[in-house]
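Spelled out from the first residue to the last, the chains are:
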Amino acid sequence: MTDAHVEVQKKALALLSRFVDPALVAERLALLMQLRPQPEDYARVFTSEVVEQARTAYEGLWASPQLLNPPLHQTIVELHLATGHELATHKGAALEFPGGYLTVAELLIPERYWVCWKFGTPGQPGGISYDGLVLLEDRWVWFPKPWRAIAVKPTPPSVAKHWNE
């Protein structure tokens with residue numbers, strides 16, 4: 001793992017740990033809304049041929065966001081990160097990402113870091129899995145399940161109604 005990967009992993013863990021901090025439960029919606037992509041972010045994350053498709057799909061999801069609300073007993077964050085390039089070549093931590101990334105990896109900007117993660121309970125297997133957190137230079141944005149939002153074939157975009165679907 002490169003120094004850059006380690007640094008990004010630390011930043012992702014710091015951000016996601018805020019969602020499992022019992023003292024911050026009341027702030028979860030505000031934390032979530034900070035992850036909402038801005039109009040210019042789509043071109044910073046997706047290749048030009050799918051920017052508008054992604055914007056249309058995610059604007060619908062963000063229009064009525066579901067709270068990222070892990071149960072209070074889930075206090076552990078496990079995460080994996082990979083660049084768009086690593087996802088496209090399916091190497092390293094990209095192997096830990098949902099399989100849908102294989103279908104859209106070539107439509108992601110290669111240099112961007114993507115994060116998939118799980119909120120879990122200490123000493124217990126399983127947990128709630130999420131994906132699609134992307135680091136821009138100045139902040140994090142969230143594009144869950146990008147394979148549901150963009151497609152290589154001209155099919156209507158769709159995104160889950162809830163973050164963990």
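Preceding block: the structure.
Summarised in this report is the structure supplied together with it. (Residues numbered from 1 in each chain as written. Predicted model: local features only at pLDDT ≥ 70, side-chain atom pairs only at ≥ 80, totals over all residues. Heavy atoms only, no water.)

**Digging into the overall build of the chain**
Filter applied, for reference: Counting from the N terminus, the helices are the DSSP runs of H or I reaching at least four residues and the strands are the DSSP runs of E reaching at least two. The reference for a compact globule is 2.2 Å times residues^0.38; the radius of gyration itself is calculated from the C-alpha atoms. Relative accessibility thresholds used throughout: buried, under 20% of the residue-type maximum; exposed, over 50%; partly exposed, between the two (1.4 Å probe, protein chains only). Residue contacts are defined here by distance: any two heavy atoms, one from each residue, within 4.5 Å place the two residues in contact. Only the protein chains shown count as covering a residue, and every accessible area follows the Shrake-Rupley method with a 1.4 Å probe. When charges are counted, neither His nor the chain ends are considered; positive counts come from Lys and Arg and negative counts from Asp and Glu. For charged residues, the charge sits on one atom: NZ in Lys, CZ in Arg, CG in Asp, CD in Glu.
Across its full length, the chain holds 7 helices and 4 strands. Tracing the chain from N to C terminus, the helices and strands come up as α-α-α-α-β-α-α-β-β-β-α. Taken over the C-alpha trace, the chain has a radius of gyration of 15 Å; the compact-globule value for 165 residues is 15 Å, and the two agree within 12%. Considered along the principal axes of its C-alpha atoms, the chain spans approximately 45 × 35 × 30 Å. Split into buried and exposed, the 165 residues of the chain put 43% on the buried side. Within the chain, contacts between residues separated by at least 24 positions form 66% of all contacts whose residues are at least 6 apart in sequence. When the accessible surface of the chain is split by element, carbon and sulfur atoms take 56% of a total near 8,300 Å². Taken together, the 15 basic and 18 acidic charged side chains of the chain have centroids lying 4 Å from each other.

**Some remarks on helix 4 (residues 51-63)**
In an α-helix, one turn spans 3.6 residues, which is why side chains three or four residues apart end up on the same side. The criterion, for reference: The span you would expect from a helix comes to 1.5 Å times its residue count less one. The arc in question is the one spanned by the directions pointing from the helix axis to the C-beta atoms.
For helix 4, which comprises 13 residues, the first-to-last C-alpha distance of 18 Å matches the rise-based estimate of 18 Å (1.5 Å per residue) to within 8%. When helix 4 is considered as a whole, its buried residues turn out to be V51, Q53, A54, A57, Y58, L61 and W62. On an axial view of helix 4, the arc spanned by its buried residues comes to 155°, and they lie on one face. Opposite the buried face of helix 4, at more than 90 degrees from it, the exposed residues are T56 and A63. In the core, the buried residues of helix 4 are packed alongside helix 2 (28-33), helix 3 (42-45), strand 4 (140-142) and helix 7 (146-149).

**Focus: the side chain of D41**
Note the cut-off: N or O atoms closer than or at 3.5 Å make up a polar contact, with two conditions inside protein: a donor-capable atom paired with an acceptor-capable one, and, for residues adjacent in sequence, both atoms drawn from side chains.
On the secondary structure map, D41 appears in the loop between helix 2 and helix 3. Separated by 2.8 Å, the side chains of D41 and R139 make a polar contact. If near-sequence neighbours (up to four positions away) are discounted, D41 is found in contact with L136, R139, V141 and F143.

**Some details on unusual backbone geometry**
If you check the backbone angles, H90 has positive phi at about 55° while not being a glycine. Secondary-structure assignment places H90 in the loop between helix 5 (84-89) and helix 6 (101-104). We classify H90 as partly exposed; its relative accessible area is 32%. Even without glycine at this site, K145 takes up a positive phi of about 45°. Note that K145 resides in the loop between strand 4 and helix 7.

**A short note on the sheet that holds strand 4**
Going by this rule: A pair of strands is labelled paired if DSSP reports no fewer than 2 bridges between them. Between N-to-C directions, angles cover 0 to 180 degrees, with each direction set by a line fitted to C-alpha atoms, over the stretch in contact for helices.
With antiparallel pairing, the 4 strands of this open sheet are ordered in space as 1-2-3-4. What marks the edges here is a single partner per strand, and that holds for strand 1 (76-83) and strand 4. Neighbour-to-neighbour, the strand axes of the sheet open up by a mean angle of 30°, direction not taken into account. Where strand 1 meets strand 2 (residues 113-120), 8 bridges bridge the pair, whose relative direction is antiparallel. By the bridge assignment, A82 is partnered in strand 2 with W114. Across the face of the sheet, helix 1 (residues 3-17) comes into contact with strand 1, strand 2, strand 3 (128-135) and strand 4 while running at roughly 140° to strand 1.

**With respect to the packing of aromatic side chains**
Put simply, the rule is: Between the rings of Phe, Tyr and Trp (Trp by its six-membered ring), a pair exists once the centres lie within 6.5 Å; its type follows the angle of the planes, with under 30 degrees stacked, over 60 edge-to-face, and the other angles tilted.
Across all of its chains, the model carries 15 aromatic pairs by this definition. Measuring from ring centre to ring centre gives 5.8 Å for Y101 and W114, while their planes differ by 75°; the resulting arrangement is edge-to-face. Taken together, the residues Y101 in helix 6 and W114 in strand 2 connect sequence positions 13 residues apart. Owing to a relative accessible area of 2%, Y101 belongs among the buried residues under this scheme. Judged by its relative accessible area of 0%, W114 falls in the buried class.

Keep in mind these numbers describe shape, not what the thing actually does.
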